[in-house]
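Report on the structure
As a plain string of letters, each chain reads:
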Amino acid sequence: MMKLLITVAATLTLAATPALAQTKPVVGPNGFGGLKLGMSLKQAKAAGITKKIDGGTDGCSGWDLKKYPTGKDNVGLYISPKLGVAAFFAPKAAKTPEGVAVGTAKSQLKKVYPHLKQDTHGFWVTTVPGNTKAYYSFTVLHGKVTEFGMALKKQDCFN
């Protein structure tokens, strides 16, 4: 009887694993949550966003995807008046197509992205595989990824 219970539990665990893996949102190589880098404001609104910061006439505006609200003093993406969707900030549950997520060890991050470099602000950056017009930016503290995002290399919203 005990052997049968163990077999059933193992089967249920294995069957559930692919479904759980698929529920984790993916940031990259071209977009996130139904949005694409470079998408116009009108297209982004149709995909389901909520305005959080007004950029004025010439500045970038800050938005959240309705499916992934960021809380009070944060935004999930920036939209440039010139470039459209310019940057995404990944929710904590997200991952890159290569499997990097919050909690990934810095050593693993460097293995996955061998061209990773630290920029002048201390972020770890690399070109997005499959999209030479974009880069990933990772915050690493205590040897682990704590935040990450994706932006157009020519974005004009932040430095």
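Read on for a plain summary of the structure. Computed from a predicted structure; not experimentally measured.

Notes on the overall build of the protein chain
When you go through the protein chain residue by residue, the secondary structure sums to three helices and 10 strands. Traced from its N-terminal end to its C-terminal end, the protein chain shows the element sequence α-β-β-α-β-β-β-β-α-β-β-β-β. In the protein chain, which comprises 159 residues, the share counted as buried stands at 36%. For the protein chain, the exposed surface amounts to about 9,800 Å²; the carbon and sulfur share of it is 59%.

A word on the packing of aromatic side chains
Counted according to the given criterion, the structure contains nine aromatic pairs. Here Y78 and F89 contribute two aromatic rings whose centre-to-centre distance is 5.9 Å and whose plane-to-plane angle is 85°, an arrangement assigned as edge-to-face. Separated by 11 residues along the polypeptide, Y78 in strand β5 (residues 77-80) and F89 in strand β6 (residues 84-89) bring together distant segments of the chain.

Regarding the side chain of T96
If you trace the backbone, T96 turns up in the loop between β6 and α3 (106-112). With relative accessibility at 0%, the residue T96 sits in the buried group. Of note is the side chain of T96, whose polar atom sits 2.8 Å from the side chain of Y113. Those residues in contact with T96 that lie beyond four places of it in its chain are V26, V27, Y113, Y136, F138 and F148.

Focus: the state of the cysteines
With the rule as written, the count across this model stands at one disulfide. In this model, C60 is linked to C157 through a disulfide, with the two sulfur atoms separated by 2.0 Å. Every disulfide takes its handedness from the sign of the S-S torsion; for C60 and C157 that torsion is -80°, giving left-handed. Taken together, the residues span a long stretch of sequence, with C60 in the loop between β3 (49-53) and β4 (61-65) and C157 in the segment after β10 (144-152) at a distance of 97 residues.

Some details on the pairing of strand β8 (residues 124-128)
In terms of burial, β8 is largely enclosed, as four of its five residues are buried. Taken together, the two bridges between strand β7 (residues 117-118) and β8 define a ladder with antiparallel strand orientation. Each residue of the ladder has a partner; that of K117, found in β8, is V125. What sits between β7 and β8 in their antiparallel hairpin is a turn of five residues, with G122 showing a positive phi close to 95°. Note: β8 against strand β9 (residues 131-141), five bridges, orientation antiparallel. Across the sheet, residue V125 finds its bridge partner in β9, namely S137. The hairpin turn running from β8 into β9, its antiparallel successor, is two residues long, and G130 in that turn takes a positive phi close to 90°.

How each quantity is defined
Residues numbered from 1 in each chain as written. Predicted model: local features only at pLDDT ≥ 70, side-chain atom pairs only at ≥ 80, totals over all residues. Heavy atoms only, no water. Helix = DSSP H or I, 4+ residues; strand = E, 2+ residues; numbered from the N terminus. Buried < 20%, exposed > 50% of the residue type's maximum accessible area, 1.4 Å probe, protein only. Areas by Shrake-Rupley, 256 points an atom, 1.4 Å probe, with all protein chains shown as cover. Phe/Tyr/Trp six-rings, centres within 6.5 Å; stacked < 30°, edge-to-face > 60°. Polar contact = N/O pair within 3.5 Å; in protein donor to acceptor, adjacent residues only side chain to side chain. Contact = heavy atoms within 4.5 Å. Disulfide = S-S within 2.5 Å. Pairing = 2+ DSSP bridges.

Remember that the coordinates give geometry; whether it matters functionally is a separate question.
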